[in-house]
Amino acid sequence: MYTWQYYDLVLLGVASSMLTGVGVGALTTVSMSMAIVATGLVAAAIIGHGLFVNGPIDQPDDLTDEVDALN
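Residues numbered from 1 in each chain as written. Predicted model: local features only at pLDDT ≥ 70, side-chain atom pairs only at ≥ 80, totals over all residues. Heavy atoms only, no water.

Draft legend 1. Broad picture of the side chain of S17. Tracing the backbone shows S17 in helix α1 (residues 6–27). Here S17 falls in the buried class, since its relative accessible area comes to 8%. Once you skip the residues sitting within four places of it in the chain, S17 turns out to touch T39, V42 and A43. (Helix = DSSP H or I, 4+ residues; strand = E, 2+ residues; numbered from the N terminus. Buried < 20%, exposed > 50% of the residue type's maximum accessible area, 1.4 Å probe, protein only. Contact = heavy atoms within 4.5 Å.)

Shown next as structure tokens:
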């Protein structure tokens, strides 16, 4: 059974916010470009949270680890 991880939810949040922008632009009087820009800012905030608040590393020392697969 698959369990949802945090970064799965980040990707889902980015996709759903952009699709919401398309829906708002298509179904309301808000211009498409304004709706896409507004929800793009929401997507950027979600990405920023995923990168800087809840980053993919546990400790700053993890940044110095070598990747064996590339050697």
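Now that the structure has been shown, we can carry on.
Draft legend 2. Just the packing of aromatic side chains, in detail. A full pass over the atoms with the stated rule returns one aromatic pair. An angle of 80° between the planes, with centres 5.0 Å apart, marks the rings of Y6 and Y7 as edge-to-face. Its relative accessible area of 28% is what places Y6 among the partly exposed residues. (Phe/Tyr/Trp six-rings, centres within 6.5 Å; stacked < 30°, edge-to-face > 60°.)

Draft legend 3. Structural context of the environment of L12. Tracing the sequence through the fold places L12 in helix α1. When the C-alpha atoms of L12 and A43 are compared, they prove to be 10.0 Å apart, with 31 residues separating the residues in sequence.

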